[in-house]
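# Observations on the model geometry
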Amino acid sequence: MVFNNLMDTEMKNIILYITILFCLSACELTEVLDQDPPNNLEPNNVLTDQASAENLLNGSYSFLNSRDFYLNTEGHPGLLSGSMAIRTFGESTFEANDILVDGNGARAYWTAFYQFINAANIVITLVDRMPDGAIDAERKKEIIAEAHFLRAFGHFNALVYYGQFYDTTSELGIIIRSEIANFQNRSKSRSSVEECYLFILDDLDVAIADAPDFFETIRASKTAAKALKARVLLFKGDYAEAAALANEVIQDGTRNLAATFQDVFDAGYDSEEMIFMAYADENTLSTGRTRTKTLVYGGRRLIASDYLQDTLASDPRATTTFNATNGAILKVYDTDNFSPTYFIRLAEMYLIAAEGLTRSGATLESSKEPLEALRSRAFGSPQVSTASSSNELLDEIYNEIIAELVFENGSEWFAGIRFDKITEVKPTVTSSDKYILPIPLREIESNFAIDFEDQNPGYTQ
């Protein structure tokens, strides 16, 4: 694989450089404000040839292995949505849907997302400045396009957790970071939700145009960019476009549904269904990652909730998803494959197609087709939807999202919001204010372009 030598000496130095830069300038400037940056941020100081550009790009991917990125996008939405429950170590503000403005949870997500965004911006900026001849021109475009995909992925995650993503008329989006953060541009105001969506979609269009064709699950590609764009369009409410793009991903043959649900995860990085995953192996972060996931998911800290176990009681996917005896989370705790994190896979495109078609007024017959295909794979025999109305079909689609995509990138949490089901499942979600997290207190205190009046509704200092 491309990342086999990710942690060699040169790569460690580049990751250290990015990390130092981030700590000094990217997200939470406090006591470091009076310090100087470690180096002038110019290509000659970091990039000398194509190999160093590739290493810089690999370094940006490495941020997906931040514990706050990979673990939280599984566990925290699981607690928020009610698909997971805490077995030990007391209560959680996420399980109670009562997130603290100055708590570690809200800050950890924010930091992880913007650290990742800043790393992508470093790649976009520095690789673009490389002189002709220092790097193959076509590969230069591809590297920049991959970084645009990563930046879009980071911003979209930030938007759906911290911005009112469900209301395109809202002014409460997130902070868009389109350049390397430094002391001059550190303070920046929130953008509107519509502006955030447009920025993310523009980045994805760059990736669709210039990223490499799909070649492995751990790298950005045209296929991954189209798939993420379909998700973004669905969340934005552009349902017909989302369905059309999801169907394009399904039909182009780059990725295919695995024969069985179990096969999807048994194959790990080689799964024919995976589109984009976070990478780990025995040479990188497997030791810490496996230990962390063992502690969190191995039937000790977080377990499948009673709600989820009841919901999947007659579904064959249950045995792949959790252990019915002790509630251990199995899908994302797979030591044989180094416990990978699943960001995008083809099954989601079938569900986006079904939901997008239904919400955009397509016929019931055409809207049912992708849903029935996915359910037939799950049950190993032809499955026919019994829905006689759009509302009934949407209920079926919602249930399918829970069964198929639970624990994957917050799918069950965001489905609960989109389908207006979350208050039924989780009575502690007492208003739409709890659909999103608070802007962390430290961000408000250190970003002079926002203040407490810019905080998300329902949260106080």
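Residues numbered from 1 in each chain as written. Predicted model: local features only at pLDDT ≥ 70, side-chain atom pairs only at ≥ 80, totals over all residues. Heavy atoms only, no water.

## Describing the pattern of salt bridges
With the rule as written, the count across this model stands at 25 salt bridges. A salt bridge links Arg 375 to Glu 400; its shortest N-O distance comes to 2.9 Å. Here Arg 375 is found in helix H16 (residues 364-379), whereas its partner Glu 400 is found in helix H17 (residues 390-405), with 25 residues between them in sequence. Accessibility expressed as a relative area gives 1% for Glu 400, which makes it buried. A network of salt bridges, in which partner residues are shared, links Glu 273, Asp 315, Arg 317, Lys 331, Arg 345, Arg 375, Arg 377, Glu 400, Glu 404 and Glu 408. (Salt bridge = Lys/Arg side-chain N within 4 Å of Asp/Glu carboxyl O. Helix = DSSP H or I, 4+ residues; strand = E, 2+ residues; numbered from the N terminus. Buried < 20%, exposed > 50% of the residue type's maximum accessible area, 1.4 Å probe, protein only.)

## Details of the pairing of strand E2 (residues 274-278)
In terms of burial, E2 is a largely internal element, five of the five residues being buried. Inspection of the sheet shows E2 paired to strand E4 (residues 341-345) by four bridges, in the antiparallel sense. What sits directly across from Phe 276, in E4, is Ile 344. (Pairing = 2+ DSSP bridges.)

## Regarding helix H5 (residues 72-81)
Of all ten residues in H5, ten are buried, a share of seventy percent or more. Listed as buried for H5 are Asn 72, Thr 73, Glu 74, Gly 75, His 76, Pro 77, Gly 78, Leu 79, Leu 80 and Ser 81. Looking at the residues trailing H5, positive phi occurs at Gly 82, about 90°.

## Regarding the confidence of the model for the chain
Scored by pLDDT, the chain comes out at a mean of 88, with 86% of its residues at no less than 70. Confidence drops under a pLDDT of 50 for residues 1-17, and excluding neighbours within four residues, the segment shows 38 contacts in the predicted structure. (pLDDT = per-residue confidence, 0-100. Contact = heavy atoms within 4.5 Å.)

## Here's the deal with the nonpolar core
Grouped together as the largest cluster of nonpolar side chains are 140 residues, with contacts concentrated most on Phe 149, Tyr 162, Phe 276 and Met 349. Counting residues per element, this core draws most heavily on helix H6 (residues 104-129), at 15 residues. (Core = buried A, V, L, I, M, F, W, Y, C linked by side-chain atoms within 4.5 Å.)

## Comments concerning the packing of helix H3 (residues 50-62) against helix H7 (residues 137-162)
Remark: H3 packs on H7, axes separated minimally by 11 Å, with the N-to-C direction vectors making an angle of 10°. In this view, H3 runs roughly parallel relative to H7, as classed from their interaxial angle. Residues Gln 50, Ala 53, Glu 54, Leu 57, Ser 60 and Tyr 61 of H3 pack against Arg 139, Ile 143, Glu 146, Ala 147 and Leu 150 of H7. For the contact of H3 with H7, the residue count by class is six nonpolar, two polar and three charged. (Axes fitted to C-alpha atoms, helices over the stretch in contact; angles between N-to-C directions. Parallel < 35°, antiparallel > 145°, perpendicular 65-115°, else oblique. Nonpolar A, V, L, I, M, F, W, Y, C, P; charged D, E, K, R; others polar.)

## Some points on the side chain of Thr 320
Position of Thr 320 among the secondary structure elements: in helix H14 (residues 318-321). Setting aside anything within four residues of it in sequence, one finds Thr 320 in contact with Phe 261, Gln 262, Phe 265, Leu 330 and Lys 331.

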